[in-house]
Amino acid sequence: MNNFDMLALVLIVISGIITYSLRFGGLLVGNMLSKHKFIENLIKALPGTLLLSFIFPSIISEGISGVISALSAGVIAKKTNNILIALLVGMLIIITFRNIL
Amino acid sequence: MKSNFIKGFIATIPVGLSVCAYGLVLGVLAFSKGVTFFQLFSMDLITFAGSAQFLMVELWKNPLPFSEILFAVFAINLRYLLIGASLTPLFKNSSIFEKIALMHLVADENWAVTMSRLKEEKITPYFLFGGGICLVIFWLLSTLGGHTFGFIISDPYSVGLDFVIIIIFTALVASFYDGKDSIFPWIIAAVFSYFSFLFIPGKWYIVTGGLTGALVYSFQKYFKEGKK
């Protein structure tokens with residue numbers, strides 16, 4: 001095992017420990033959290049805002065096709081609750097733009 | 001006890017199948033990013049969190065951006081604090097050993113299935129655990145399958161592979177949309193992430209945008225409820 005592989009494994013294990021600590025920690029502090037409305041709201045909003053921050057710069061960098069593809073995928077996912085259909089439509093738009101237009 | 005495990009396992013199969021689509025994509029992406037079979041296998045078992053694994057694979061390069069990856073994993077998995085907290089009633093009669101053992105395989109999907117079932121009937125944490133085992137099997141099969149056959153895709157750009165993750169996350173973002181209350185925080189998150197993307201090297205834009213947006217949401221709620 002070389003240096004990179006070793007570091008990679010350490011990174012994976014620490015990521016696992018962080019994730020597990022959050023899962024278990026949540027259960028432990030259960031009732032305490034709900035008393036702090038501000039923190040509860042913060043945690044509630046985080047998944048959406050984090051994911052949005054992840055995708056937004058990439059969509060803008062892709063240009064108009066990125067915006068069309070993402071908007072269609074988002075609307076379809078919201079309306080049908082089916083990520084697969086959203087993925088298919090979104091990808092079809094991107095592939096079409098990149099290869100044909 | 002046994003029947004709760006099996007009930008949970010069976011109830012989670014339909015979501016497990018949709019998780020497979022995800023897992024396949026992650027596997028292919030991991031292959032193209034140079035993540036080895038063993039590394040992906042370890043991630044699946046040790047981290048076992050879909051969106052965090054997507055982020056890890058996305059940020060994966062040599063040398064490894066250690067602090068960025070760990071912070072991103074922490075930030076994107078912060079929601080597990082709330083998920084864990086919401087499970088308190090289910091674990092009411094469990095020993096500390098059961099809590100320690102059964103919490104590892106909690107993911108968004110089996111949590112959602114368990115919470116909706118808990119409204120209808122009395123179930124034990126083994127229902128949740130059965131769902132977790134179901135998910136981990138599907139997750140291993142699909143991610144490692146995607147990794148093994150990832151070489152088939154020769155030109156990732158023209159088939160838009162780099163954009164798959166963006167679309168999946170877009171679809172997920174939509175599911176987090178919480179009506180009018182989300183609009184302003186989301187605009188702030190988008191603006192902050194884009195400017196960080198332009199001016200701060202690395203992938204910190206995810207954390208910058210995510211945290212500012214969520215803070216705005218909290219303050220917005222705070223002032224709204226304060227006025228009442």
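No experiment lies behind these values; they were computed from the predicted model shown. (Residues numbered from 1 in each chain as written. Chains lettered and ligands numbered in written order. Predicted model: local features only at pLDDT ≥ 70, side-chain atom pairs only at ≥ 80, totals over all residues. Heavy atoms only, no water.)

Q: Would you take a moment to explain the interface of chain A and chain B for this structure?
A: When the parts come together, some accessible area is lost, and that loss is often what is quoted as the size of the interface. Each side of the interface is counted separately: chain A has 67 residues, and chain B has 83 residues. Contact between chain A and chain B buries roughly 6,800 Å² in total, counting both sides, with carbon and sulfur atoms accounting for 80%. Looking at the side of chain A facing chain B, the largest losses of area belong to A:Arg23, A:Leu27 and A:Phe54, adding up to 12% of the total buried there. For the pair chain A and chain B, the interface holds zero salt bridges. (Contact = heavy atoms within 4.5 Å. Buried area = accessible area lost by both parts, 1.4 Å probe. Salt bridge = Lys/Arg side-chain N within 4 Å of Asp/Glu carboxyl O.)

Q: What's the story with the nonpolar core in this structure? I'm lost.
A: Inside soluble globular proteins, nonpolar side chains tend to come together where they are buried. Ranked by size, the top nonpolar core spans 92 residues in total, and within it B:Phe54, B:Leu87 and B:Phe169 carry the most contacts. Here this core takes 12 residues from helix H9 (residues 161–176) of chain B, the largest share from any one element. Contact partners of B:Phe169, with chain neighbours within four places excluded, come to A:Leu51, A:Phe54, A:Ile55, B:Ser51 and B:Phe54. (Core = buried A, V, L, I, M, F, W, Y, C linked by side-chain atoms within 4.5 Å. Buried < 20%, exposed > 50% of the residue type's maximum accessible area, 1.4 Å probe, protein only. Helix = DSSP H or I, 4+ residues; strand = E, 2+ residues; numbered from the N terminus.)

Q: Hey, could you run me through unusual backbone geometry in this one?
A: Leaving glycine out, the prevailing phi sign among residues is negative, and the prevailing peptide bond configuration is trans. Residues and elements named next belong to chain B. Of note, the bond from Asn62 into Pro63 is cis; its omega dihedral lies within 30 degrees of zero at 0 degrees. Mapping Pro63 onto the fold places it in the loop between helix H3 (50–59) and helix H4 (66–77). A positive phi angle, close to 45 degrees, is found at Phe48, a residue other than glycine. Its place among the elements puts Phe48 in the loop between helix H2 (37–46) and H3.

Q: In this structure, what is going on with the packing of helix H7 (residues 108–120) of chain B against helix H8 (residues 125–148) of chain B? I would like to understand it.
A: When two helices pack together, their arrangement is given by the angle between the helix axes and by the axis-to-axis distance. Residue and element names in this part refer to chain B. Between H7 and H8, the shortest axis-to-axis distance is 9 Å and the interhelical angle comes to 150 degrees. Here H7 is positioned roughly antiparallel relative to H8, judged by the angle of their axes. Note that H7 runs across H8; the crossing there is right-handed. The residues of H8 that touch H7, namely those facing Glu109, Asn110, Trp111, Val113, Thr114 and Arg117, are Phe127, Leu128, Gly131, Gly132 and Leu135. Split by residue class, the contact of H7 with H8 holds five nonpolar, four polar and two charged. (Axes fitted to C-alpha atoms, helices over the stretch in contact; angles between N-to-C directions. Parallel < 35°, antiparallel > 145°, perpendicular 65-115°, else oblique. Left-handed = near helix turned anticlockwise from the far one by under 90°. Nonpolar A, V, L, I, M, F, W, Y, C, P; charged D, E, K, R; others polar.)

Q: Help me understand the packing of helix H3 (residues 64–80) of chain A against helix H4 (residues 83–99) of chain A, please; the structure alone is not making it clear to me.
A: Residue and element names in this part refer to chain A. It is at 8 Å that the axes of H3 and H4 come closest, and there the two elements cross at 165 degrees. One element, H3, and the other, H4, form an angle in the roughly antiparallel class. Between H3 and H4 lies a crossing whose hand is right-handed. Contact residues: Ser65, Gly66, Ile68, Ser69, Ser72, Ala73, Ile76 and Ala77 in H3; Ile85, Ala86, Val89, Gly90, Ile93, Ile94 and Phe97 in H4.

Q: Please explain the state of the cysteines as it appears in this structure.
A: Each disulfide consists of a covalent bond between the sulfur atoms of two cysteine residues. All names here are of chain B. In total, this model carries zero disulfides over all chains according to the counting rule given. The thiol sulfur of Cys134 is not disulfide-bonded, and the nearest other cysteine sulfur, from Cys20, lies at 9.0 Å. Residue Cys134 is classed as buried on the basis of its relative accessible area, which comes to 1%. (Disulfide = S-S within 2.5 Å.)

Q: Is there a simple way to explain the side chain of B:Thr47 in this structure?
A: Positionally, B:Thr47 belongs in the loop between H2 and H3. Residue classification places B:Thr47 among the buried positions, given a relative accessible area of 0%. Not counting residues up to four positions away in its chain, the partners in contact with B:Thr47 are A:Ile12, A:Ser15, A:Gly16, A:Thr19, A:Arg23, B:Ser42 and B:Met56.

Q: What's the story with the packing of aromatic side chains in this structure? I'm lost.
A: A ring pair, where both rings are aromatic, is described by two values, the distance of the centres and the angle of the planes. Residues and elements named next belong to chain B. Applying the stated criterion across every chain yields a total of 14 aromatic pairs over all chains. Ring geometry for Phe197 against Tyr205: centres 5.3 Å apart, planes inclined by 85 degrees, an arrangement best described as edge-to-face. With a relative accessible area of 4%, Tyr205 lands in the buried category. A cation sits over an aromatic face here: Arg79 above Tyr80, 4.8 Å from the ring centre. (Phe/Tyr/Trp six-rings, centres within 6.5 Å; stacked < 30°, edge-to-face > 60°. Lys NZ or Arg CZ within 6 Å of the ring centre and 35° of its normal.)

Q: What exactly am I supposed to notice about the confidence of the model for chain A here?
A: Mean pLDDT for chain A: 88, with 94% of residues reaching 70 or above. Element-level mean pLDDT values for chain A span from 85 in helix H2 (residues 37–62) of chain A up to 92 in H3(A). (pLDDT = per-residue confidence, 0-100.)

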